[in-house]
Amino acid sequence: MRKHLLLALAICTAAMAKVQPPIIYNGEELELDTTFTRVQVGWSPTYIPEVSGMSCSRVTPGYLWIQSDEVFRIAAINPKGTIYSKIVFKDCPKHNGAFRRDWEALTTGVWQGKNYLFVGAVGDNDLQYKDEYYLLYMEEPEIGNIANPDPVTYNVGTNYIRYGYPDGKAHNTEAIMYDNVDQTMYIIDKVYKGVNTVYSLRMDTVYGNDLQILTEVCKLGKEGEIQFQRVTAADQTPDGKYIIIKNNYSNCDTANCLIWVREDAKEPLSQTLQRQPKQIAAYLTEWQGEAVAWLDSTTFYTTSDDDGRAPIYVYVRWGSTADMEQVKEETATGTGADKVLIGDRLFIRTKQSDYTFAGQEL
């Protein structure tokens, strides 16, 4: 049964203790987006070691799909980290007789009115795969009975899209995001020096096992003028309006999370990504931070590729302290339909409109 009431997400009302300093991007210091508040809400389960992919469920909103890059495991959890469902793929693509490794990304999206779950066997640390990159996909299942402590396990056949790059070379990738507006997968390579490149591939289940060649979309920044490398995660809101891309640190002590705003649904993503983003001030460096997932236009989650249990953080958008005071007043008078104050804690409910833009159902 689909959930009609979405999970309420608690956030603290205290001000942030510290923020990241702005970085230089395209030769300019980025503007800080100070509208998000960061709170730890849980821990990743030990069943999924080294979480490298995460996406919010669109069939059962309020829950998260996560996957490991160390073992071929996928699970659905609540924000606290409790497992409710598991997925086991059968007959996965192989390399030299063994399952193709480096599963580095996971996302959800809508194609022809159906919700899909995508898993990206897209990593290539040793640059050995060349044209053996795969997007495994399946219709997103219902998350198991949330009242049942025993997780539901789904054993599914493996459908996948195989792709390569237009330059014919190997690329290491850890970030994919699905655009519900144009039903296209966007893939961002992980560059240690220089700029990251954004590629695209239209979703289509008729590809079969034939090799598809990605289309180069744009660069993230300009050579020599960027301090944002090693992209490890990306996601879009269900309506395609907000894009988040985050990176992992190397030879420095910080990583950052940048946000772009699409002017309207018809704007090409390449055009959006050529504008200067803002830097999310509340984002603090995570050890091997490789996962980000939008719940809706107000809320996103992050976690990291830690060997043990990693913290799960929620970031909730509040315009200002004055906005929060207004919420308190609306709650007290019964006029606040989407936000509510319980004790000294503020809650926000995701809006149904955020899930229906691309034909998704609650």
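Above this text you will find the structure in question.
What you see is a predicted model; the values in this text were computed from it and never measured.

Peer 1: I tried to follow empty space enclosed by the protein on my own but got confused; where do I start?
Peer 2: One simple way to see leftover space: roll a probe sized like a water molecule over the atoms. Enumeration over the complete set of coordinates arrives at 3 cavities of 30 Å³ or more. In this model, the largest cavity occupies a volume close to 60 Å³. Mapped by element, the contributors of at least two residues to the lining of the largest cavity are strand E6 (51-56), strand E12 (105-111), strand E17 (173-179), strand E22 (231-236) and strand E26 (289-296). In the lining of the largest cavity, the residues fall into 9 nonpolar, 3 polar and 3 charged.

Peer 1: When you look at the sheet that holds strand E24 (residues 257-261) in this model, what are you seeing that I'm missing?
Peer 2: Backbone-to-backbone hydrogen bonds join strands into a sheet, with any given pair of strands oriented parallel or antiparallel. The 5 strands lie next to each other as E4-E25-E24-E23-E22, forming an open sheet whose pairing is mixed. Looking at which strands have only one partner, the edges of the open sheet turn out to be strand E4 (32-33) and E22. Taken together, the 2 bridges between E4 and strand E25 (residues 278-280) define a ladder with parallel strand orientation. Paired with Asp33 across the two strands is Ile280, which belongs to E25.

Peer 1: Looking at this structure, how should I read the sheet that holds E6?
Peer 2: One open sheet holds the 5 strands; their spatial order is E6-E7-E8-E9-E15, and the pairing between them is mixed. The open sheet terminates on both sides in strands that have one partner only, identified here as E6 and strand E15 (152-156). Here the average twist between neighbouring strands, direction ignored, is 20°. Where strand E9 (residues 83-89) lies against E15, 5 bridges are found, and the strand directions are parallel.

Peer 1: Before we go on, may I ask you to explain the pairing of E12 in this structure?
Peer 2: Regular strands have side chains that alternate between both faces of the sheet. By the criterion of burial, E12 is predominantly enclosed, with 7 of the 7 residues buried. Here E12 shows a buried face lined by Ala105, Thr107, Gly109 and Trp111 and a second buried face lined by Leu106, Thr108 and Val110. Sheet analysis places E12 next to strand E13 (residues 114-121), joined by 7 bridges and oriented antiparallel. Each residue of the ladder has a partner; that of Leu106, found in E13, is Val119. In textbook terms, the turn of a hairpin is the stretch between consecutive antiparallel strands, and for E12 and E13 this stretch comprises 2 residues, one of which, Gln112, has a positive phi near 50°.

Peer 1: I'm lost on the packing of aromatic side chains in this one. Help?
Peer 2: What characterises a pair of aromatic rings is the spacing of the ring centres plus the angle enclosed by the ring planes. By the definition in use, this model includes 18 aromatic pairs. Ring centres 5.0 Å apart and planes at 20° place the aromatic pair Phe118 and Tyr178 in the stacked group. Taken together, the residues span a long stretch of sequence, with Phe118 in strand E13 and Tyr178 in strand E17 at a distance of 60 residues. Looking at Phe118, the relative accessible area reads 1%, which means it is buried. The class for Tyr178 is buried, based on a relative accessible area of 3%. Look at Tyr133 and Tyr165: their rings are 5.3 Å apart centre to centre, the planes differ by 80°, and that puts the pair in the edge-to-face class. Here the residue Tyr133 occupies a position in strand E14 (residues 133-139), and Tyr165 occupies one in the loop between strand E16 (159-164) and E17, the gap between them amounting to 32 residues.

Peer 1: I would appreciate a short explanation of the environment of Tyr178 in the present structure.
Peer 2: Counting along the chain gives 67 residues from Tyr178 to Trp111, while the straight-line C-alpha distance between them is 9.8 Å. The residues touching Tyr178, leaving out its near neighbours within four places in the chain, are Thr107, Thr108, Gly109, Val110, Trp111, Phe118, Gln183, Thr184, Met185, Met203 and Gln236. Of note is the side chain of Tyr178, whose polar atom sits 2.9 Å from the backbone oxygen of Val110.

Cut-offs applied
Residues numbered from 1 in each chain as written. Predicted model: local features only at pLDDT ≥ 70, side-chain atom pairs only at ≥ 80, totals over all residues. Heavy atoms only, no water. 1 Å grid on protein atoms, 1.4 Å probe; cavity = no way out; pocket = protein on both sides within 12 Å on 5 of 7 lines; lining within 4 Å. Points joined across faces, edges and corners; volume = space filled by probe spheres on them. Helix = DSSP H or I, 4+ residues; strand = E, 2+ residues; numbered from the N terminus. Nonpolar A, V, L, I, M, F, W, Y, C, P; charged D, E, K, R; others polar. Pairing = 2+ DSSP bridges. Axes fitted to C-alpha atoms, helices over the stretch in contact; angles between N-to-C directions. Buried < 20%, exposed > 50% of the residue type's maximum accessible area, 1.4 Å probe, protein only. Phe/Tyr/Trp six-rings, centres within 6.5 Å; stacked < 30°, edge-to-face > 60°. Contact = heavy atoms within 4.5 Å. Polar contact = N/O pair within 3.5 Å; in protein donor to acceptor, adjacent residues only side chain to side chain.

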